[in-house]
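Chain by chain, the residues run as shown.
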Amino acid sequence: MNLSKKVIIKISIFIGIILIGILLLLTLNKTNLFQIAKNNINSIKQEEIETQIKCEITNINGLNTKTMLTFENLNGIEKITDGDLIIECNGRGKVVLDRELILDKTYPMSIKLEGKETEEQYTIVVSTLPNIVITNMDTTGDGSTKTVRIDYTANEEECDNLYSLDDGETWLPYTEELNILEKQNATIIGKSAPKEGKVVGKLIQTFTPGEHLSLVISTSLLEATDKAVMKNDTYYRVAIKDQEYRVHTYVENGDTVFASNRTYGNANDAGTASGNATTMEIVKVNGNLVINSGVTVTSYGTAYGGTKGMLLYVTGNLENNGTITMTARGAKAAGQNVYLWKNEAEVNSYEYVPAIGAAGGAGVYNYVARK
């Protein structure tokens, strides 16, 4: 059957219109599919991509280090805040900073990601042991937990990666992030040495921004000194009732003789021209103590006073033939109630040094009549 040219042209136009319609539908569907895919990618970026942080020490001079900090997040990093320093990152997925940092000191930092309203809070601990990243994440809703991620890189095949939550008494394999309660006494991480089964540990302590000190919770200062496991020349936080004290501990194990003068504490503990004293000294002797004749035992002091007190605690007998003195060691500091002992017979009753101190005596005026 023959069709006229006019009919053929109409059929061609109709077919062309159909093809254009199909192409438009395909284009629209492709656009929709692309938008859905894009939205899914954005959703993954916003919700699922975690920030990775690594510390690499490139040089060590005493406690001072040159450290390379690497921050990665495929979502894009808008800025990094490090103390008073703000680094604009302009959406980069990877940012590397060269910093001069002090070993075992803690550095709070925050990271603002592209498209995120809130900043991620981290605490970086620069250590020669495994890289530690502490996320200030409240996992219980009451502000008492932090999340710790430990990056082990060296000798993983030779050593087990371990952690301890009871000051090294028991050790468990480290396999994932830890949620640490601030009320726990200490958190130690470490590696077991090959074959010997020994553990080399680092004390992370509790997670207060700026300083990580073991928190010892006790009913009194004497009980904390008596029962807490404290190490020599180490700082701790001691929480008693409504007070918290920063203490610097010195420990002697076994019967001890002080044959020369002893001064406990240092310039970091006492007051200065621009700052108050921060720390109390605790000297614990696990055994008997003899102080020889002519020997003076005291705490560190400057022209601005001393530390926030000194406690000498002897578990055995004390034979003092010398001098224990705190003369000219009054601390330049705000007053605190110092709870020395809790009375068991009475509820909420303590023997303590009051923050305001004792009332002063009445003034006395003398004069001499002259002719």
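Quick note: structure is the one above.
A brief look at the structure comes next. (Residues numbered from 1 in each chain as written. Predicted model: local features only at pLDDT ≥ 70, side-chain atom pairs only at ≥ 80, totals over all residues. Heavy atoms only, no water.)

1. Some words on the overall build of the protein chain
Here is step 1 of the chain: Broken down by element type, the protein chain carries 2 helices and 27 strands.
Here is step 2 of the chain: On the protein chain, roughly 22600 Å² of surface is accessible, and the fraction owed to carbon and sulfur atoms is 53%. (Helix = DSSP H or I, 4+ residues; strand = E, 2+ residues; numbered from the N terminus. Areas by Shrake-Rupley, 256 points an atom, 1.4 Å probe, with all protein chains shown as cover.)

2. What about the nonpolar core?
Here is step 1 of the chain: The biggest cluster of nonpolar side chains holds 20 residues, and the ones touching the most others in it are Ile53, Leu69, Phe71, Ile77, Ile80 and Ile111.
Here is step 2 of the chain: Among the secondary structure elements, those contributing two or more residues to this core are β1 (52-61), β2 (64-82), β3 (85-102), β4 (106-113) and β5 (120-125).
Here is step 3 of the chain: Element by element, the count of residues in this core is highest for β3, at 5 residues.
Here is step 4 of the chain: The contact partners of Ile77, leaving out residues within four places of it in the chain, are Phe71, Glu72, Cys89, Asn90, Gly91, Arg92, Gly93, Val95, Ile111, Lys112, Leu113 and Glu114.
Here is step 5 of the chain: By size, the runner-up hydrophobic cluster in this structure holds 16 residues, among which are Ile240, Val247, Val338 and Tyr350. (Core = buried A, V, L, I, M, F, W, Y, C linked by side-chain atoms within 4.5 Å. Buried < 20%, exposed > 50% of the residue type's maximum accessible area, 1.4 Å probe, protein only. Contact = heavy atoms within 4.5 Å.)

3. Observations concerning the sheet that holds strand β24 (residues 318-320)
Here is step 1 of the chain: A sheet is described by the order of its strands in space; here 3 strands give the open sequence β16-β19-β24, paired in parallel fashion. Each end of this open sheet is capped by a strand with a single partner; those strands are β16 (256-258) and β24. On average, adjacent strands in this sheet sit at an angle of 10 degrees to one another, irrespective of strand direction.
Here is step 2 of the chain: Summarising the sheet, β16 and strand β19 (residues 289-291) pair through 3 bridges and their orientation is parallel. Among the inter-strand pairings, Phe258 is bridged to a residue of β19, identified as Ile291. (Pairing = 2+ DSSP bridges. Axes fitted to C-alpha atoms, helices over the stretch in contact; angles between N-to-C directions.)

4. Some remarks on the environment of Val126
Here is step 1 of the chain: For Val126, the position within the fold is in the loop between β5 and β6 (131-135).
Here is step 2 of the chain: For Val126, a relative accessible area of 0% corresponds to the buried category.
Here is step 3 of the chain: With 70 residues separating them along the chain, Val126 and Glu56 place their C-alpha atoms 8.6 Å apart.
Here is step 4 of the chain: When near neighbours in sequence (up to four residues on either side) are disregarded, Val126 contacts Ile57, Thr65, Thr67, Leu101, Ile102, Leu103, Asp104, Lys105 and Tyr107.

5. Considering unusual backbone geometry
Here is step 1 of the chain: With a phi angle near 55 degrees, Asn90 is a residue other than glycine that sits in the positive phi range.
Here is step 2 of the chain: With respect to the secondary-structure elements, Asn90 resides in strand β3.
Here is step 3 of the chain: In the Ramachandran plot, Asp233 falls in the positive-phi region, its phi being about 50 degrees despite a non-glycine side chain.
Here is step 4 of the chain: Looking at the secondary structure, you find Asp233 in the loop between α2 (221-227) and β14 (234-240).

6. Focus on the sheet that holds strand β17 (residues 262-264)
Through backbone hydrogen bonds, the strands of a sheet pair up, either in parallel or in antiparallel fashion.
Here is step 1 of the chain: Overall, parallel pairing links the 3 strands, which are arranged β17-β20-β25 in an open sheet. The open sheet terminates on both sides in strands that have one partner only, identified here as β17 and β25 (323-324).
Here is step 2 of the chain: Relative to strand β20 (residues 296-299), β17 is paired through 3 bridges, and the arrangement is parallel. Residue pairing for β20: Tyr264 is matched across the bridge by Ser299.

7. Points about the side chain of Asn337
Here is step 1 of the chain: Considering the arrangement of structural elements, one finds Asn337 in the loop between β25 and β26 (338-342).
Here is step 2 of the chain: A polar contact is formed between the side chain of Asn337 and the backbone nitrogen of Ala355, at a distance of 2.8 Å.
Here is step 3 of the chain: In this view, Asn337 contacts Gln243, Tyr245, Tyr352, Val353, Pro354 and Ala355; residues no more than four positions away in its chain are not counted. (Polar contact = N/O pair within 3.5 Å; in protein donor to acceptor, adjacent residues only side chain to side chain.)

8. Examining the side chain of Thr234
Here is step 1 of the chain: Examined against the element boundaries, Thr234 turns out to sit in strand β14.
Here is step 2 of the chain: Thr234 sits in the buried class, given a relative accessible area of 17%.
Here is step 3 of the chain: Excluding residues that lie within four positions of it along the chain, Thr234 makes contacts with Val247, His248 and Thr249.

9. Quick look at the packing of aromatic side chains
Here is step 1 of the chain: According to the stated counting rule, one finds 3 aromatic pairs in the structure shown.
Here is step 2 of the chain: For the ring pair Tyr339 and Tyr352, a centre distance of 5.5 Å and an interplane angle of 40 degrees mean the geometry is tilted. With a gap of 13 residues between them, Tyr339 in strand β26 and Tyr352 in strand β27 (residues 350-353) connect regions that are remote in the sequence.
Here is step 3 of the chain: Note on Tyr339: relative accessible area 4%, which makes it buried.
Here is step 4 of the chain: Judged by relative accessible area, Tyr352 falls into the partly exposed class, the value being 42%.
Here is step 5 of the chain: Members of the aromatic cluster, joined through ring pairs, are Tyr339, Tyr350 and Tyr352. (Phe/Tyr/Trp six-rings, centres within 6.5 Å; stacked < 30°, edge-to-face > 60°.)

10. Some remarks on the pairing of β2
Here is step 1 of the chain: Pairing analysis gives 9 bridges linking β1 to β2, with the strands arranged antiparallel. If you follow Ile60 over to β2, its bridge partner there is Thr65.
Here is step 2 of the chain: Where β1 hands over to β2, the hairpin turn is made up of 2 residues, of which Gly62 adopts a positive phi near 70 degrees.
Here is step 3 of the chain: Between the end of β2 and the start of β3, which pair antiparallel, lie 2 residues, with Gly83 showing a positive phi angle near 65 degrees.
Here is step 4 of the chain: Alignment of β2 against β4, held across 5 bridges, turns out to be antiparallel. Bridge assignment links Lys79 to a residue of β4, and that residue is Lys112.

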